[in-house]
Amino acid sequence: MQHFNISTFKKPFLLVFFLAVLFYFYSYNLSSLMPFYGDIGWFYLSARDLLTKGSFPLVGITSSHIWLHQGPFWTYFLSIALWLGRFDPVAGGYLAVIIGIFTVITVFWLGRVLLSYRIGIIAAILYSTSPLVTIYSRTPYHTTPIPLFACFYFLGIYYWYQRKKSFVLPLFFLAILYNFELATVLLSIPFIILVIWRLQKNTLKIQVASFTLNLFIGLSPLLPVVIYDFTHGFRQTLVYGIWLIYTPFKAIMGMFSSQPSSHSSILAYVFKEIQTLIFFPSGFVAIAFLGVAFVFLCTKLFQQYQARKINRAFIIIGLWFSITMLLLLLNNVASDAYFPQVFPVIFLILALLVEYVYEHAKWVALFLIIGISLVNVYSTLSHSYFEGRGEGISLEQRENVVKKILSLSDREGIIFKGEGDGSQFRSFTMPYEYLTWYYRPANSTTHLTKIVTLTEKNYQINVKTYTQ
């Protein structure tokens, strides 16, 4: 007769409990505090048109360089969520929450495969409670899946590098990343360096037939973009590739020609992002923690080099962090689209140091993990999930404005116009357009049109209306 062993159910129970708590934490008050700024509205309208009009987009929203577009994958993802949620805008928020939770699981998996089970656990706990990660895990935007697919991409690189498998996995996930954010092409550089390294060491053999097949499969996620490019001058592929070659030289020259203030602004941005990512109460503590952890990683790599026993996982982690951060600084652009690429690797580096502390002073390491996690969770909750961060007017605020406008209108058509900061962008009024369609999808019943002028300032919305 077999005896009941409670330890058999301990780990699955703890995992389910942890994920349930995490889901509650990420989704708490989501319908009120979910970010819903202009560019998010663009994707909502695009996903709505895909579902209601069959308008299948081949590219996404324009990037900071208006001749370039992001890929269309976020529209596809969001359309599934809106279809399941019957176009309720908060459905996109729950999609972000689910992606965030899967990313936490993948960070653990990445840490376990590359380093150890314990490092995976530490990295996942610190990652899941990060205020900046929490913000992204509640924001239905095209940058939200970047950390998840960056983990898959580097797992693919590791399996290719460690076991000499096909390069199709890293190439496939890199193509998916490109579809979410053009800037993720920076992540190709560690892969290119490792390819050159293996070619130099004669450990990489290329057979034309298998290479061609793997290349086709790996690049298949780019098919919508390629189809689009055939009628748009190949801007998304060939022209973008040429521009990428030119950009590093421009960035290096810019280091010498730019004003010191431009460099200080990007440093201030990185400082603030690292603070919000690692330890919200103090940027200096966060930078020091990351700095010591990176020095520890470099020390381990140097020791391995001297012993002629280099751990390939350490090489991948070192390249991922150092090259991406260097290029982010050289690019000199304070954009939320770039930083998510390094979210997972930062916590792997931190976990590597904490695991070392755990081996020598267990209670100190536990104090670090629990203390940082609790402080970050408290900071997130006490700041209402950083509702006022960046373009921080929430979904609830915009819904209240739209509902008030609709209550004062007599079935007129409504045209939104923007004034003030940010109104020069077409996407400024798009959240209001989507909400108006959602709360009053029927066409107007009069020939009158209500003009609604919107101004957003100090996280408040000012409205002026007149009928013509």
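See the structure shown above.
Just so it is clear, the structure is predicted and the values come from calculations on it, not from any experiment.

Engineer: Whenever I open this one, the packing of helix H3 (residues 38-53) against helix H20 (residues 430-439) confuses me. Can you help?
Structural biologist: Angle between the axes and distance between the axes: these two values describe a pair of packed helices. Orientation of H3 relative to H20, taken along the N-to-C sense of each, is 40 degrees, at an axis distance of 7 Å. Relative to H20, the element H3 lies oblique. H3 and H20 meet at a crossing whose hand is left-handed. In this structure, H3 uses Gly38, Gly41, Trp42, Tyr44, Leu45, Arg48 and Thr52 to contact H20, whose residues at the interface are Met430, Pro431, Glu433, Tyr434 and Trp437.

Engineer: I would appreciate a short explanation of the nonpolar core in the present structure.
Structural biologist: One broad trend across soluble globular proteins is that nonpolar side chains are buried collectively. Counting 131 residues, the largest nonpolar core has Tyr153, Leu277, Ile278, Phe339 and Ile346 as the members making the most contacts within it. Top contributing element to this core by residue count: helix H8 (residues 146-163), with 13 residues. Sequence-distant contacts of Ile278, defined by excluding residues within four places in its chain, comprise Ala286, Phe289, Leu290, Ile346, Leu350, Ile372 and Asn376. Core analysis: the second largest hydrophobic core is formed by seven residues, Ala175, Leu222, Val225 and Tyr240 among them.

Engineer: Teacher, can you tell me more about the packing of aromatic side chains here?
Structural biologist: The relation between two aromatic rings is expressed through the spacing of the ring centres and the mutual angle of the planes. Throughout the structure, instances matching the rule amount to 40 aromatic pairs. Where Trp42 meets Phe43, the ring centres are 5.1 Å apart and the plane angle is 80 degrees; that geometry is what we call edge-to-face. Using a relative accessible area of 22% as the deciding quantity, one classes Trp42 as partly exposed. Considering the side-chain rings of Phe149 and Phe152, the 5.8 Å spacing of their centres and the 75 degrees angle between planes classify their relative orientation as edge-to-face. Taken as a pair, Phe149 and Phe152 lie in helix H8 at a separation of three residues, close to a single helical turn. On the accessibility criterion, Phe149 (9% relative accessible area) is buried.

What counts and how
Residues numbered from 1 in each chain as written. Predicted model: local features only at pLDDT ≥ 70, side-chain atom pairs only at ≥ 80, totals over all residues. Heavy atoms only, no water. Axes fitted to C-alpha atoms, helices over the stretch in contact; angles between N-to-C directions. Helix = DSSP H or I, 4+ residues; strand = E, 2+ residues; numbered from the N terminus. Parallel < 35°, antiparallel > 145°, perpendicular 65-115°, else oblique. Left-handed = near helix turned anticlockwise from the far one by under 90°. Contact = heavy atoms within 4.5 Å. Core = buried A, V, L, I, M, F, W, Y, C linked by side-chain atoms within 4.5 Å. Buried < 20%, exposed > 50% of the residue type's maximum accessible area, 1.4 Å probe, protein only. Phe/Tyr/Trp six-rings, centres within 6.5 Å; stacked < 30°, edge-to-face > 60°.

Structural measurements only, silent on function.
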